[in-house]
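# Close look at the chain arrangement
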Amino acid sequence: QVQLVESGGGLVQPGGSLRLSCAASGSIASIYAMGWYRQAPGKQRELVETITRGGSTYYTDSVKGRFTISRDNAKNMVYLQMNSLKPEDTAVYYCSTRITINQAFNYWGQGTQVTVSS
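Now for unusual backbone geometry. The phi dihedral of Asn 76 is positive, around 55°, even though this residue is not glycine. Turning to its location among the elements, Asn 76 is positioned in the loop between β7 (67-72) and β8 (77-82). With phi around 50°, Ser 84 is a residue other than glycine that occupies positive phi space. Position of Ser 84 relative to the elements: it lies in the loop between β8 and β9 (91-98). By relative accessible area, Ser 84 is classed as partly exposed at 40%.

Spelled out as structure tokens, the structure:
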């Protein structure tokens, strides 16, 4: 079982930046994909961006050109660099893992709050 701990959330003004970090309890080198999801109040959890073991990324259209996911297998870390933040990016952000290609994203961290407000 993989344990995930997110950090780096906070309050930021529109147009600002934050970098979220996700620390995994074990090696992530063999994990098929890592991802970031978010859930805003009153809304369903949505995928933000994912990255496979091979480095392929997928992102939702609303973050295109603003958010970048990366993974450091040596440090068992996954990051989400968020630039040009908008109020609609306000949500709890969750790190998740997809262990194999045949599994869904089914391990989750506790989440970190991101609030974009002036």
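Okay, the pairing of β7 next. In β7, alternate side chains face the same way, and those of Phe 67, Ile 69 and Arg 71 are buried while those of Thr 68, Ser 70 and Asp 72 on the opposite face are not. One ladder, built from six bridges, connects β7 with β8; its direction is antiparallel. Note on β8: the bridge partner recorded for Thr 68 is Gln 81.

Bringing the sheet that holds strand β1 (residues 4-7) into the picture now. Here we have four strands laid out as an open sheet, ordered β1-β3-β8-β7, and antiparallel in their pairing. One side of each edge strand has no neighbouring strand; the edge strands of this open sheet are β1 and β7. Looking at each pair of strands side by side, their axes are set apart by 15° on average, direction ignored. In this sheet, strand β3 (residues 18-24) lies alongside β1 in antiparallel orientation, the contact comprising four bridges. Following the sheet pairing, Glu 6 is matched in β3 by Cys 22.

Below, the discussion takes up the pattern of salt bridges. Here the structure, examined in full by the defined rule, presents three salt bridges. Residue Arg 38 is joined to Asp 89 by a salt bridge in which the shortest nitrogen-to-oxygen separation is 3.0 Å. Here the residue Arg 38 occupies a position in strand β4 (residues 33-39), and Asp 89 occupies one in the loop between β8 and β9, the gap between them amounting to 51 residues. Taking relative accessible area as the criterion, Arg 38 reaches 5% and is therefore assigned buried. Among the charged side chains, a salt-bridge network with shared partners connects Arg 38, Glu 46, Arg 66 and Asp 89.

This paragraph deals with the state of the cysteines. In this structure the tally under the stated criterion is one disulfide. One disulfide bridge connects Cys 22 with Cys 95, the sulfur atoms lying 2.1 Å from each other. Its S-S torsion of about -80° marks the bond between Cys 22 and Cys 95 as left-handed, since a negative value means left-handed. Linking Cys 22 in strand β3 with Cys 95 in strand β9, this pair joins segments that are 73 residues apart in sequence. Judged by relative accessible area, Cys 22 falls into the buried class, the value being 0%.

Reading the values: the criteria
- Residues numbered from 1 in each chain as written.
- Predicted model: local features only at pLDDT ≥ 70, side-chain atom pairs only at ≥ 80, totals over all residues.
- Heavy atoms only, no water.
- Helix = DSSP H or I, 4+ residues; strand = E, 2+ residues; numbered from the N terminus.
- Buried < 20%, exposed > 50% of the residue type's maximum accessible area, 1.4 Å probe, protein only.
- Pairing = 2+ DSSP bridges.
- Axes fitted to C-alpha atoms, helices over the stretch in contact; angles between N-to-C directions.
- Salt bridge = Lys/Arg side-chain N within 4 Å of Asp/Glu carboxyl O.
- Disulfide = S-S within 2.5 Å.

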